[in-house]
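The chain contents come next:
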Number of protein chains: 2
Amino acid sequence: VSRTDQPTPGTVRPGGRTARVRAAVRDATLAELAEHGYPELTVERVAARSGVHRTTLYRRWGGVDGLLVDALDLAVEDGWHPPDTGSLEGDLRELADEVLRAFTDSRHGGAPAAFVSASFHSEPAARALRAFLVGRHDRAATIVVRAVDRGELPPDTDPGPVVRATVAPLYYRLFITGEPIDETVAEQAALAALTAARAGVFSRAHRPS
Amino acid sequence: VSRTDQPTPGTVRPGGRTARVRAAVRDATLAELAEHGYPELTVERVAARSGVHRTTLYRRWGGVDGLLVDALDLAVEDGWHPPDTGSLEGDLRELADEVLRAFTDSRHGGAPAAFVSASFHSEPAARALRAFLVGRHDRAATIVVRAVDRGELPPDTDPGPVVRATVAPLYYRLFITGEPIDETVAEQAALAALTAARAGVFSRAHRPS
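So, how was this worked out
- Sequence order as written defines the numbering, with residues in each chain counted from 1.
- Think of it this way: whatever chain is written first is A, whatever ligand is written first is 1, and the rest follow in order.
- Local features in this predicted model are restricted to residues of pLDDT 70 or higher, and side-chain atom pairs are both shown and tallied only at a pLDDT of 80 or more, whereas totals for entire chains, interfaces and linings draw on every residue.
- Heavy atoms from the whole structure form the basis of all side-chain values; hydrogens and water molecules are not counted.
- Think of a nonpolar core as a cluster: buried Ala, Val, Leu, Ile, Met, Phe, Trp, Tyr and Cys residues, connected wherever their side-chain atoms sit within 4.5 Å.
- Exposure is judged per residue with a 1.4 Å probe applied to protein chains only, and the accessible area is read against the type maximum: over 50% gives exposed, under 20% gives buried, and values in between give partly exposed.
- In what follows, residue pairs with any heavy atoms lying within 4.5 Å of each other are defined as contacts.
- When a carboxyl oxygen of Asp or Glu lies within 4 Å of a side-chain nitrogen of Lys or Arg, that pair is called a salt bridge.
- Only DSSP runs of H or I covering at least 4 residues are called helices, and only runs of E covering at least 2 are called strands; the numbering of each starts at the N terminus.
- Overlaid copies result from least-squares superposition on C-alpha atoms, with residues included only where pLDDT is at least 70 in both.
- Multiplying one less than the number of residues by 1.5 Å gives the expected span of a helix.

### Some details on the nonpolar core
- In this structure, Leu57 and Tyr171 of chain A together with Leu57 and Tyr171 of chain B are the most contacted members of the largest nonpolar core, which totals 129 residues.
- Those residues within four positions of Tyr171 of chain A in sequence are excluded, and the remaining contacts are Val99, Phe103, Leu133 and Ile176 of chain A together with Tyr172 and Ile176 of chain B.

### Description of the pattern of salt bridges
All names here are of chain A.
- Inspection of the entire model under this criterion finds 31 salt bridges over all chains.
- Between Glu35 and Arg49 there is a salt bridge, with the nearest N and O atoms lying 2.8 Å from each other. Remark: Arg49 occurs in helix α3 (residues 43–50) and Glu35 occurs in helix α2 (residues 17–36); sequence separation between them is 14 residues.
- The partner of Glu94 in a salt bridge is Arg101, and the shortest N-O contact between them spans 3.1 Å.
- With a relative accessible area of 34%, Arg101 lands in the partly exposed category.

### Structural notes on the relation of the copies chain A and chain B
- When chain A is fitted to chain B, the best match, at an RMSD of 0.0 Å, comes from turning it 180° and sliding it 0.0 Å along the axis. Such a combination of turn and shift is consistent with a two-fold rotation axis. When each C-alpha of chain A is compared by its distance to the rotation axis, Ala168 of chain A comes out closest, at 2.7 Å.
- The overlap is high: 100% of the interface residues of chain A also sit at the interface in chain B, so the same surface is used on both sides.

### Points about helix α8 (residues 123–149) of chain A
- Between its terminal C-alpha atoms α8 of chain A stretches 39 Å, which fits the 39 Å expected from 27 residues at 1.5 Å a residue.
- Buried within α8 of chain A we find Ala125, Ala126, Ala128, Leu129, Phe132, Leu133, His137, Ala140, Ala141, Ile143, Val144 and Ala147 of chain A.
- Of the surrounding secondary structure, the elements contacted by the buried residues of α8 of chain A are α5 (64–77), α6 (88–104), α7 (111–118) and α9 (159–177) of chain A together with α9 (159–177) of chain B.
- With its phi angle positive at about 80°, Gly151 of chain A sits one or two positions after the end of α8 of chain A.

Set out below in structure tokens:
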């Protein structure tokens, strides 16, 4: 540990000083984004908050959009795994609950919501957010695959729509109608997706007539 | 008709010149919004497009946000009614299809999507959009009330979540993940909401355990 924490100047080691700087810059970027929003986000503020010199930030990240994109890249690398409770109902409830917590738990400091808002101000942020979510959805497909293997769902169930139906009502209220979300909203969304999936609504063969 | 089209100077008549000016300004505002987005929207551009003098626009609408808010107010006054096909399945399919068309039919010129985007740039636009959608959802509740009366749904079904579940997957893809929408997405959303509502997922008494 001591060796990786004290890299030879000029070298880059995973888990070492470079990784710590990157994490500190990510934390500062998300905190500034959550507090002030994208229109007020500046490299200078991230520099002041992270303690990393602004010329370093400009050189390594290019600017505000580069800082945002890297923050989401780091979140992807953090290795999220979908819930695995043993049942489809448990997994979908947990998936909806994770979204609920991401946007309401004060420990996240409002960063997830600020990121979605930033996607409407910056095309690079929008692309990064979309890549992040598509990656999450792809990994969450495992939930549906396992449920099919357990015989809980029709074999030709398309995982993508099941996952999206589980989280969409939460995002809809948060970002489109501006309505609050709570555990009832999350669990209704999960149970609605579950019920529809069991009934074959999301079967690949299903083409609504 | 000829009388209301030629009002006495200084008077304001519904359906007369004032209403025509208002509609022309609304059309110009939506067209500019759709073409250039909120950050580029200016009173000067709306003036040039509508043929209404900019001093009139400033005096009557105050500025860009006033123009946007009035455009949505006009849409509310236009008297939208929810579909009434005779069955819950038909009504929910039509409701989802209306959202699909609003965001994909070229006749709308991209104005609905531009409005949602504007809500992330302007608090008055966000409030106007939310009031507009809440009003639509309130009226769409009739669909569920009629279905309960026909015996298609449990009597204690809460209309709000049914309506929101029907449209949420479309908004989620359009504005959060940036994925395309089509008839299959719309109809799966409608059928998922239908299936869940029939199963009692949206019953008021239902508290997920």
